[in-house]
Amino acid sequence: QGTRDHAPAQVALRDRLLSAVVSCFKRHGAAAIDTPALELREMLVGKYGEGSKLIYELQDQGGELLALRYDLTVPFARYLAMNKITNMKRYHVAKVYRRDNPATTRGRYREFYQCDFDIAGQFDPMIPDAECLKIVHEILSDLQLGDFVIKVNDRRILNGVFVVCGVPESKFIPACSTVDKLDKMPWEEVRSEMVGEKGLSPEAADRIGEYVQLHGGLDLIERLLQDPKLSQNKLAKEGLGDMKLLFEYLTLFGITEKISFDLSLARGLDYYTGVIFEAVLLQQDNEHKEELVNVGSVAGGGRYDGLVGMFDPKGRKVPCVGVSIGIERIFSILEQRLEASGEKLRTTETQVLVATPQKHLLAARLKLISELWDAGIKAEMLYKKDPKLLKQLQYCEDTGIPLAAIVGEQELADGVVKLRDVATRQEVRM
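Structural notes, computed from the coordinates. (Residues numbered from 1 in each chain as written. Predicted model: local features only at pLDDT ≥ 70, side-chain atom pairs only at ≥ 80, totals over all residues. Heavy atoms only, no water.)

This structure, assessed with the given rule, holds 1 cavity of 30 Å³ or more. In this structure, the largest cavity occupies an estimated 50 Å³ of space. Around the largest cavity sit Lys-151, Val-179, Asp-180, Leu-182, Asp-183, Ser-264, Leu-265, Ala-266 and Glu-278, which together line it. Grouping the constituent residues of the lining of the largest cavity by class yields 4 nonpolar, 1 polar and 4 charged. (1 Å grid on protein atoms, 1.4 Å probe; cavity = no way out; pocket = protein on both sides within 12 Å on 5 of 7 lines; lining within 4 Å. Points joined across faces, edges and corners; volume = space filled by probe spheres on them. Nonpolar A, V, L, I, M, F, W, Y, C, P; charged D, E, K, R; others polar.)

Shown next, in the form of structure tokens:
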């Protein structure tokens, strides 16, 4: 069905992962918001390009057409418009729903978590955009997922390319969706889809091919600014100017070695208006040891300056830029690594197990555990009246509980507790 239950170890792993991501968002001064899982159908349809066919549509008893949220960006834009907010830095961690063909081995589900960070407001060009890229860099570095690259492009540059290559405006979005497949398909297949399915002329497709196979850094931006055709296009020139500025800021952040200006990046969502980006993990090709291959996108985002205006009755625009961390994809990778290493993951945060070595001491255990709970200490005990001490200590070892607080008849008489370090077996009376 494309969804799954999570066992305690998986939940613990996901929580650890979410905690690392959220602490990064908080470090950058974002406040948390939440929006309902249900939206009006009309709010979502027409915002996701070809993805719109994956929206889960529902009809309530009154005949109202509803839908489950497809992402966290469109609900955020609706939230800003409804509440007349013009300035906000937020993060949102929640489930989204897609009527997709699941591929569970690659972390692709019908119900999954998204972690979004967005900056809304009228600011000077490229400063918030650079911060979004810095956040992606921080998270992927913190999680130690291996080598990665963050591809950046700009929808204005892409639209400029389509104009100078002779693509009619009505075919921009279909052409965009096809270009976006270049990371999964060779150029020949992308070209034949453009011509065969999307109705572009072979000449236009060939001209697009000359541009969308380019990638590099500041040098490529400079070269395109001098390109006789592109430099004449207003949109492309604006986009390239902003891209140059973005790279200057990313140089100051010290992260350009992981950034690639890539003209094949299209991100097939309708609402992007400017800078777009996507982070992909790389790993060594087994056949060609020195080559790095793309193992999938783990974050993506961009600028969407027109989306809030779509929901505002007066059409007031609020410029926005944001990023979504592909937490399920990252989770799948970490889960596979954990399985391969054979490492056991603690499923609880229990600090101490209250144990007794003799019979008829349940009352002593209950009194001590109550004291520990009231003091804010994470504690457990076995739900048996007279458990064997060995069984209690074995439970600590099995679940990774570091300490056992032991109260026997002698300890009660002396008014002490014996504290045992489960790993080293050292004991102290206190």
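Don't stop here, the text continues.
In terms of residue burial, strand β5 (residues 88-97) counts as a mostly covered element, since 7 of its 10 residues are buried. Judged from the 2 bridges that link them, strand β1 (residues 31-32) and β5 form a sheet pairing that is parallel. Across the sheet, the residue bridging to Ala-31 is Arg-90, located in β5. Across 10 bridges, β5 lies against strand β6 (residues 111-120) in antiparallel orientation. Following the sheet pairing, Lys-95 is matched in β6 by Tyr-113. (Buried < 20%, exposed > 50% of the residue type's maximum accessible area, 1.4 Å probe, protein only. Helix = DSSP H or I, 4+ residues; strand = E, 2+ residues; numbered from the N terminus. Pairing = 2+ DSSP bridges.)

On to the environment of Lys-385, then. Here Lys-385 lies in the loop between β14 (379-380) and α14 (389-399). Separated by 22 residues in sequence, Lys-385 and Ala-363 place their C-alpha atoms 9.2 Å apart. Each residue touching Lys-385, except ones within four places of it in the same chain, is listed here: Leu-362 and Arg-365. (Contact = heavy atoms within 4.5 Å.)

A separate point is helix α10 (residues 234-253). End to end, α10 covers 29 Å across 20 residues, agreeing with the expected 28 Å (1.5 Å per residue, within 8%). The set of residues buried in α10 consists of Ala-236, Gly-239, Leu-240, Asp-242, Met-243, Leu-246, Phe-247 and Leu-250. For α10, the angular spread of the buried residues around the axis is 165°, confining them to a single face. Facing away from the buried side of α10 by over 90 degrees, the exposed positions are Lys-234 and Leu-252. With a side-chain oxygen positioned 3.1 Å from the backbone nitrogen of Leu-235, the residue opening α10 is Asn-233. Residue Gly-254 follows α10 closely and has a positive phi angle near 75°. (Expected span 1.5 Å × (residues − 1). Arc of directions from axis to C-beta. Polar contact = N/O pair within 3.5 Å; in protein donor to acceptor, adjacent residues only side chain to side chain.)

Moving on to the packing of aromatic side chains. Taken as a whole and judged by the stated rule, the model has 5 aromatic pairs. With centroids separated by 5.6 Å and ring planes inclined at 50°, the aromatic side chains of Phe-162 and Phe-172 adopt a geometry described as tilted. Of the two residues, Phe-162 sits in helix α5 (residues 155-164) while Phe-172 sits in helix α6 (residues 172-179), which places them 10 residues apart along the sequence. On the basis of relative accessibility, which here comes to 0%, the residue Phe-162 falls in the buried class. Looking at Phe-172, the relative accessible area reads 12%, which means it is buried. The structure contains a cluster of three or more aromatic residues connected by ring pairs, namely Phe-25, Tyr-91 and Phe-117. (Phe/Tyr/Trp six-rings, centres within 6.5 Å; stacked < 30°, edge-to-face > 60°.)

For the rest of this paragraph, the subject is the pairing of β6. Here β6 lies mainly inside the structure; 9 of its 10 residues are buried. Where β6 lies against strand β12 (residues 320-325), 6 bridges are found, and the strand directions are antiparallel. Along β12, the bridge assignment pairs Ile-119 with Val-321.

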